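Coordinates in review
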Amino acid sequence: MQNNSLKKWMESSYFSGNNGAYIEEIYESFLNDPNNISDEWKQVFQSLPQTEISQEVNHSKIRDYFRSLAKETTNPYSVVKDPDKQAKEVRVLQLINSFRLYGHKEAKLDPLNLKEIDKVPELSLYHHNLADALDESFDVGSVLGLSKDKLKLRDIYSALKQIYCESIGAEYMHINNIEEKKWIQKNLELSLGTSNFTQDEKINFLYDLTAAEGMEKYLGAKFPGSKRFSLEGGDSLIPMIKEIIRFSGTKGVKEVVIGMAHRGRLNMLVNVIGKKTQDLFDEFSGKHGDTWGTGDVKYHQGFSADFHTPSGNIHLALAFNPSHLEIVNPVVMGSARAREERYGDLLGEKVLPITIHGDSAIAGQGVVAETFNMSQTRGYKVGGTIRIVVNNQVGFTTSRPEDTRSTPYCTDIAKMVQAPIFHVNADDPEAVAFVSRLAVNYRDKFNRDVVIDLVCYRRHGHNESDEPSATQPLMYKIIKKHATTRQLYAEKLLKNNTIEQFVPTSLVNEYRDLLDKGECVVKEWRPMNNQNSNWSKYLSHEWDEEWESHLDINVLKELAKKVNSYPDSIKLHNRVLKLYNIRQKMIEENMPLDWGMAETLAYATLVNDQYQIRITGQDSGRGTFFHRHAVIHDQDSSKEYIPLQHISDNQGKFYIYDSVLSEEAVLAFEYGYATAEPNGLTIWEAQFGDFANGAQVVIDQFISSGEQKWGRMCGLTMLLPHGYEGQGPEHSSARLERFLQLCAEQNIQVVVPSTPAQIYHVLRRQVIRTMRRPLVIMSPKSLLRHPQCISSIDELGNGSFESAIGEVDEKILAANVEKIILCSGKVYYDLIDKREKTKNYKVAIIRIEQLYPFPYKKLLEILQEYKHVNSYVWCQEEPQNQGAWYSSQHNFRSVIPEKAELSYAGRPASASPAVGYLSVHLKQQEALIEDALNLS
Ligand code: AMP
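Residues numbered from 1 in each chain as written. Predicted model: local features only at pLDDT ≥ 70, side-chain atom pairs only at ≥ 80, totals over all residues. Heavy atoms only, no water.

With respect to the packing of aromatic side chains
Summed over all chains, the structure comprises 25 aromatic pairs. Measuring from ring centre to ring centre gives 5.7 Å for Phe99 and Tyr157, while their planes differ by 85°; the resulting arrangement is edge-to-face. Of this pair, Phe99 sits in helix α5 (residues 85-102) while Tyr157 is found in helix α7 (residues 153-164), placing the two residues 58 residues apart along the sequence. What makes Phe99 buried here is its relative accessible area of 0%. (Phe/Tyr/Trp six-rings, centres within 6.5 Å; stacked < 30°, edge-to-face > 60°. Helix = DSSP H or I, 4+ residues; strand = E, 2+ residues; numbered from the N terminus. Buried < 20%, exposed > 50% of the residue type's maximum accessible area, 1.4 Å probe, protein only.)

Things to note about the site of the ligand
Close to the ligand lie twelve residues, the nearest being Ser304, His315, Arg339, Thr675 and Met713. For the ligand, an oxygen atom lies 2.6 Å from a polar atom in the side chain of His315. With respect to the ligand, the side chain of Arg339 contributes an N or O atom lying 2.8 Å from an oxygen atom. Burial of the ligand by the surrounding chains reaches 82%, relative to a free accessible area of 480 Å². A per-class count over the shell around the ligand returns five nonpolar, five polar and two charged. (Near = heavy atom within 4 Å. Polar contact = N/O pair within 3.5 Å; in protein donor to acceptor, adjacent residues only side chain to side chain. Areas by Shrake-Rupley, 256 points an atom, 1.4 Å probe, with all protein chains shown as cover. Nonpolar A, V, L, I, M, F, W, Y, C, P; charged D, E, K, R; others polar.)

Considering the sheet that holds strand β25 (residues 901-907)
With respect to topology, five strands assemble into an open sheet ordered β20-β22-β21-β24-β25, the strand pairing being mixed. At either margin of the open sheet sits one strand with a lone partner, and together these are β20 (804-805) and β25. Where strand β21 (residues 819-823) and strand β22 (residues 843-848) come together, five bridges link them in parallel fashion. Following the sheet pairing, Ile821 is matched in β22 by Ile845. Across the sheet, helix α30 (residues 827-838) touches β21, β22 and β24 (871-879), and the angle it forms with β22 is around 170°. (Pairing = 2+ DSSP bridges. Contact = heavy atoms within 4.5 Å. Axes fitted to C-alpha atoms, helices over the stretch in contact; angles between N-to-C directions.)

Side note on the sheet that holds strand β17 (residues 717-721)
The strand order across the open sheet formed by seven strands is β15-β12-β16-β17-β19-β18-β23, and the pairing between neighbours is mixed. Strands at the two margins of the open sheet, each flanked by one partner only, are β15 (654-658) and β23 (850-852). For this sheet, the mean inter-axis angle between neighbouring strands, taken without regard to orientation, is 20°. Bridging between strand β12 (residues 612-617) and strand β16 (residues 680-685) involves six bridges; their strand directions are parallel. Residue pairing in the sheet places Ile615 in a bridge with Ile683 of β16.

Remarks on the pairing of strand β8 (residues 386-391)
One face of the sheet, then the other: side chains in a regular strand alternate in exactly this way. Burial runs high along β8: six of the six residues are buried. Of the two faces of β8, the one holding Ile386, Ile388 and Val390 and the one holding Arg387, Val389 and Asn391 are both buried throughout. As defined by bridge partners, strand β7 (residues 351-358) adjoins β8 across five bridges and the pair is classed as parallel. Bridging across to β8, Ile356 finds its partner in Ile388. In the sheet, β8 pairs with strand β10 (residues 450-455) via six bridges, with the strands oriented parallel. Following the sheet pairing, Asn391 is matched in β10 by Val455.

Observations concerning the pairing of strand β9 (residues 421-425)
Counted residue by residue, β9 has five buried out of five residues, so it is predominantly covered. Across the two faces of β9 the burial is the same, with Ile421, His423 and Asn425 and Phe422 and Val424 all buried. Here β9 runs beside β10; their pairing, made up of five bridges, is parallel. Bridge pairing links His423 to Asp453 in β10.

Thoughts on helix α13 (residues 328-343)
With 16 residues, α13 ought to run about 22 Å at 1.5 Å a step, and its terminal C-alpha atoms sit 23 Å apart, in line with that. Burial runs high along α13: 14 of the 16 residues are buried. At the exit of α13 stands Gly344, carrying a positive phi of roughly 65°. (Expected span 1.5 Å × (residues − 1).)

Things to note about unusual backbone geometry
Cis rather than trans, the peptide bond between Tyr852 and Pro853 has omega equal to -15°. Counting through the fold element by element, Pro853 comes out in the loop between β23 and α31 (856-863). Its identity as a non-glycine residue notwithstanding, Asn590 has a phi of 55°, on the positive side. Examined against the element boundaries, Asn590 turns out to sit in the loop between α22 (574-588) and α23 (595-608). Since its relative accessible area comes to 53%, Asn590 is described here as exposed. The phi torsion at Gln610 lies on the positive side, around 70°, for a residue other than glycine. With a relative accessible area of 42%, Gln610 lands in the partly exposed category.

Structure below.
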């Protein structure tokens, strides 16, 4: 065929008109791989006229031609020539495709029908020039997955409307993976977007709705005006969650970890997890049970139980949650990951995380994006999270979408990972149950995140004393008249004779009787027996308990060899090789150990004793300051090797991951992980200590207060590089003062280890001792290579962690001492250097290695021989308003003689943590050292 005849052929076919751009897209996919497109399209393109010009030229000609057509076409309703049946069939395929793409825009998602749905031109028959073909039959049944191959357009159109434009709005065409896309298509289209639920299942849904509504009404009547953040309007959440749990059982799920904010939480606690109603009523009445610490308000409480399903019992854990919206999501993921690893479940098939979001929060809170970004990474994936949005269309008082977000849907953020999104009308419980199963199936098949947007409303105000009509007058006029989901569903079931007339009322009464009894109202509730962790040995321990720190030197040496060994086939980078060689020498020639070696040995000893270790953070594999190199990279193949994973055949697991570039979600994930895994060391490392600022909410609301509020222990360790080395305002300070300010009731441990032996021991202590409390380590930067910051192997094997270290220089005789400097961390080395240079042997220097819990006893012992000294100084590198001076001064004073004077040597108070100019930094440093050592 000649070029001009090809042009003629194309002009006379359905390739013309405004179809050009669309068909070009399919054609491009076909060119990349014919299997990328449906069989129907494949046939069309394979039947294209063959030309004498090469296939490639032919393709590019056709492509160019589509492009020119696409440019020329401006009228979306331009008439397309319809020369033959095949052309019409293609247009029918286009129609189907349009529904897949845009059907959700016309779906009836809003129970309140607040806004008129804008018609989408692509969903009309006119748009595809098919208006007069309603009674013609087309051979597209197999595309739609319908039973018959040939179908009338009328039936096709109504099937499309039913699948894509009723109570479910499916968004999945943004997914690039063809298999996933086809799978979703098949699952939606084969069933016409509905399931044939049995009568029992339908009665179950009605019962669950009755429970959801009944509980709120009961609480409303019993405790009028009390805050409960009622679920009303989003009642379908309860049957949805129960259906997800039940159905996930059929996929082999053994544990479900759930995270949610306060809206509907009480309902979830009582109607899904099985909290005793009397316990809740007591909380409403203000009774303080035998709870630990401060406790927390009722709508933050977590709960654990087992749930009976026909496939076996499933353990449920509802994570405790502070008020900060969305921050619980990474916590849930971390908890799920720890549980999965315990099962050896690498795909996440045994543990299902469910996170429940608010519509404004999922769009507004950045931590959500962080968790999506983490969802497929090696260090953080959990085999997919089912994310449910309780979309009540009001963000506190903001109901105008243009004020709450810049995207059409609140769920658009999920598209960053190409997650499928199923919007569903909460007033259609069967559609809700259908998408619940679809989501479970999808996650089970693809191990990826999936989103359900439960479009509902909020029957009352933000809380029960709020008046929503003040800010949403029209919405609340409609809500007042709107029947509840239970009423609507009961009417539907009565109308189609699924249930008898008496059933709805008898369910209401049955549920009410259960509430009156004050017992658990969940029929599926079972006592906990199915969780795979045991915390009993970690409960009720105190920080100063004895622990076994001793380790045979020969064992240490053996382990040191192992952590320095790697296969001959691995070619190390020169600098790494040098470091490994030096470490080798440290052992072979009995040389002192540096920081990196001692830290690595701590890990080696722990995994050797079957403890598990997980380290994540920015650059953690090699260490920000090039000191760790726990992960080595072959310079020829880039292959990685981790010596700490090759210690012995039955060693504990050693995981180390460079984290995604986040602090908030990553730290929350590690908190979740550590609260679910007591038998090991979980470490998060900041690249620089100040980066922890980005995760302050996790530190404030979980790490420092979780045990007091919720009785949840957590042995998480944070490595925060800290020290004044002239790197400017941000990379000098890990904001020690903030951690110290949070210290009370021995909630966390804050340490500033000053030697390799100290980091070795404090890391080991964190695991070997059975107390599980967070450990915050101000870790060093320049000390990693400081010639005096070294320890002997004997200090490792036969030493222990010293919470304070007295004077170690034998030249300093206690009787001659006139002044005592108390300090922590790197400044110690500057002080001893200057003291030596000035031969000022009348000053003793005492290091406080653990600033909290404060080591009174140890310091009193150390100070015993200096009773005659009346001059004390606290020396710090930080400005006066920062560091330990303000927050720990009372502790320093408590260990020095009553009449002694305690002064301050450090930088002057400053708004910024450090100066930006090296010269100023050095001057300040010099001054504070001199000031501290000054005897006058
Ligand atoms: P879960 O698997 O999270 O549902 O926890 C089951 C039970 O283990 C809880 O009810 C607690 O008794 C206990 N438990 C779980 N995590 C912790 C923790 N971090 N600290 C103390 N006890 C815990």
